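# Close look at the chain arrangement
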Amino acid sequence: MSCVSRGFLISLAGLLSVMAQAQDYPARPVRMIVPFVPGGSSDFVARAIQPKMIELLGQLVIVDNRSGAYGNVGSTAINPSIFPGFPIRPVRDLIGLTLLVDVPGAFAVHPSVPANTVKEFIDYAKARPGQLNYGSSGAGSAQRLAFEFFMQKAGIKLVHIPYKGGAGAATLAVLAGEVSATMLTVASFVGHVKSGKAKVLAVMSPTRSHALPQVPTMAESGFPELKLGSWQAMFVPSGTPRPIVNRLYGVMIRTVEDPETAKRLAAGGADIVTSKSPDEFAAFLKEQTEFWAKIVKAVGATAE
């Protein structure tokens with residue numbers, strides 16, 4: 001299992017038609033579309049970078065959460081293969097500016113689950129076949145694929161509960177005890193772990209997370225194949241003038257490298273990962289889209 005993508009889209013309505021030059025952009029507030037409800041890693045990253053973007057662009061940057069449709073409002077590397085009628089082909093219809101961060105995954109449970117390790121959770125689930133459930137950010141999400149893989153390897157069976165709105169809705173479901181477990185991101189749970197509202201049994205990255213250094217990895221817990229993360233990136237609509245693309249690319253790099261912004265991202269468990277150029281990111285996106293198309297076909301995953 002590898003990474004799931006999450007894309008922010010900078011809306012340029014009204015600007016492309018006049019072919020504004022880079023030095024004049026933006027002449028009005030900028031809308032940053034986040035394809036999920038508040039509370040998940042995408043929303044966390046967007047709000048962490050918002051202040052510096054406002055400073056550098058000299059305009060208000062509005063975070064616009066547009067949930068629903070399994071995240072199809074935004075851009076992902078998985079959804080084009082899950083949904084036959086997917087309305088947007090990222091490689092064709094969007095211009096990717098750069099990767100921003102990578103947020104490691106987390107295997108989290110509600111505090112009522114009497115397990116403090118992955119092994120204890122497996123034992124608990126084996127004693128209750130079909131009685132526990134787990135939440136994900138959608139029927140065709142990477143989180144769902146990861147949990148199905150985990151259940152197969154562990155020899156357990158939980159009922160899948162998909163949530164609309166992305167990681168935020170699934171996170172709230174765990175906090176409320178609607179579901180026993182989930183595999184989302186460290187950013188979704190790090191604050192709730194510290195307040196005792198959730199437990200993270202393992203992180204799903206090659207090494208331990210600096211945000212939760214006491215928590216072992218899935219590899220340490222006996223599942224070296226389970227690596228899951230959420231890379232976040234910024235897009236603009238296809239047709240955006242190249243000078244504006246270049247300007248926004250520079251702004252995004254300066255934003256995530258800003259010490260205060262980097263500090264906020266690190267506190268939420270996000271690792272800064274940027275692209276050397278928009279062209280390099282385009283190649284990465286194409287590679288990820290093709291990779292997930294093969295995975296979806298291999299496991300026969302469909303949107304329920």
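To start, this report covers the structure provided alongside it. Keep in mind the model is a prediction, meaning the values are calculated, not measured.

Another aspect to go through is the side chain of Gln143. Position of Gln143 relative to the elements: it lies in helix α5 (residues 142–154). At 2.7 Å, the side chain of Gln143 forms a polar contact with the side chain of Ser137.

The calculated volume of the largest pocket comes to roughly 200 Å³. Asp102, Pro104, Ser205, Pro206 and Asp271 are, among the 16 residues lining the largest pocket, the residues nearest its centre. When residues of the lining of the largest pocket are assigned to their parent elements, the largest contribution, three residues, is made by strand β4 (residues 94–109). Among the residues making up the lining of the largest pocket, the classes are represented as six nonpolar, six polar and four charged.

Here we come to helix α1 (residues 41–57). Taking 1.5 Å of rise per residue, 17 residues should cover 24 Å, and α1 covers 23 Å from first to last C-alpha, within 8% of that figure. Approximately 40° is the largest bend angle found in α1, and it occurs at Gln50, with the proline Pro51 only one to four residues beyond. Most of α1 is tucked away, with twelve of its 17 residues classed as buried. Residues of α1 that are buried: Ser41, Ser42, Asp43, Val45, Ala46, Ala48, Ile49, Gln50, Lys52, Met53, Leu56 and Leu57. Two residues or fewer past α1, Gly58 is found with a positive phi of approximately 70°.

Under the criterion given, the structure shown has ten aromatic pairs. With 5.8 Å between their ring centres and 85° between their planes, Phe107 and Phe147 make a pair best called edge-to-face. Here the residue Phe107 occupies a position in strand β4, and Phe147 occupies one in helix α5, the gap between them amounting to 40 residues. Phe147 carries the same exposure label as Phe107, and that label is buried. Among the aromatic residues, those joined into a ring-pair cluster are Phe107, Phe121, Tyr134, Phe147, Phe150 and Phe223.

Counted under the stated rule, the structure contains nine salt bridges. Among the ionic pairs, Asp258 bridges to Lys52, the shortest N-O distance being 3.6 Å. You can see Asp258 sitting in the loop between α8 (242–257) and α9 (259–267) and its partner Lys52 sitting in helix α1, a full 206 residues away along the chain. For Asp258, a relative accessible area of 15% translates into the label buried.

The next point concerns the side chain of Ser275. Within the secondary structure layout, Ser275 lies in the loop between β10 (271–272) and α10 (278–299). For Ser275, a relative accessible area of 4% puts it in the buried group. One polar contact links the side chain of Ser275 to the main-chain amide nitrogen of Leu99, over a distance of 3.1 Å. Once residues lying within four places of it in the same chain are set aside, the contact partners of Ser275 are Thr98, Leu99, Tyr249, Ile253, Glu280 and Phe281.

Another point: the pairing of strand β7 (residues 181–185). In terms of burial, β7 is a largely internal element, five of the five residues being buried. Note: β4 against β7, five bridges, orientation antiparallel. When the sheet's bridge partners are listed, Ala106 is paired in β7 with Leu184. Sheet analysis places strand β5 (residues 133–136) next to β7, joined by two bridges and oriented parallel. The residue of β7 that forms the bridge with Tyr134 is Ala181.

Attention shifts here to the packing of helix α6 (residues 167–176) against helix α7 (residues 186–194). With their axes 10 Å apart at the nearest point, α6 and α7 run at an angle of 30° to one another. As judged from the angle between their axes, α6 and α7 are roughly parallel. Crossing of α6 against α7: the hand is right-handed. Two secondary-structure elements touch here, α6 through Ala167, Thr171, Val174 and Leu175 and α7 through Ser188, Phe189 and His192. In the contact of α6 with α7, the residues fall into four nonpolar, three polar and no charged.

Here we take up the pairing of β4. Across the 16 residues that make up β4, a large majority, 14, are buried. Pairing between β4 and strand β9 (residues 229–237): nine bridges, direction antiparallel. Paired with Val103 across the strands is Ser230, a residue of β9. Pairing geometry for β4 and β10, over two bridges, is antiparallel. Bridge pairing in β10 places Asp102 opposite Asp271. Relative to strand β8 (residues 199–203), β4 runs antiparallel, the two being bridged by four bridges. For Val109, the partnering residue across the bridge sits in β8 and is Lys199.

Parameters at a glance
- Residues numbered from 1 in each chain as written.
- Predicted model: local features only at pLDDT ≥ 70, side-chain atom pairs only at ≥ 80, totals over all residues.
- Heavy atoms only, no water.
- Helix = DSSP H or I, 4+ residues; strand = E, 2+ residues; numbered from the N terminus.
- Polar contact = N/O pair within 3.5 Å; in protein donor to acceptor, adjacent residues only side chain to side chain.
- 1 Å grid on protein atoms, 1.4 Å probe; cavity = no way out; pocket = protein on both sides within 12 Å on 5 of 7 lines; lining within 4 Å.
- Points joined across faces, edges and corners; volume = space filled by probe spheres on them.
- Nonpolar A, V, L, I, M, F, W, Y, C, P; charged D, E, K, R; others polar.
- Expected span 1.5 Å × (residues − 1).
- Bend = angle between axes of the 7 residues up to and from the residue.
- Buried < 20%, exposed > 50% of the residue type's maximum accessible area, 1.4 Å probe, protein only.
- Phe/Tyr/Trp six-rings, centres within 6.5 Å; stacked < 30°, edge-to-face > 60°.
- Salt bridge = Lys/Arg side-chain N within 4 Å of Asp/Glu carboxyl O.
- Contact = heavy atoms within 4.5 Å.
- Pairing = 2+ DSSP bridges.
- Axes fitted to C-alpha atoms, helices over the stretch in contact; angles between N-to-C directions.
- Parallel < 35°, antiparallel > 145°, perpendicular 65-115°, else oblique.
- Left-handed = near helix turned anticlockwise from the far one by under 90°.

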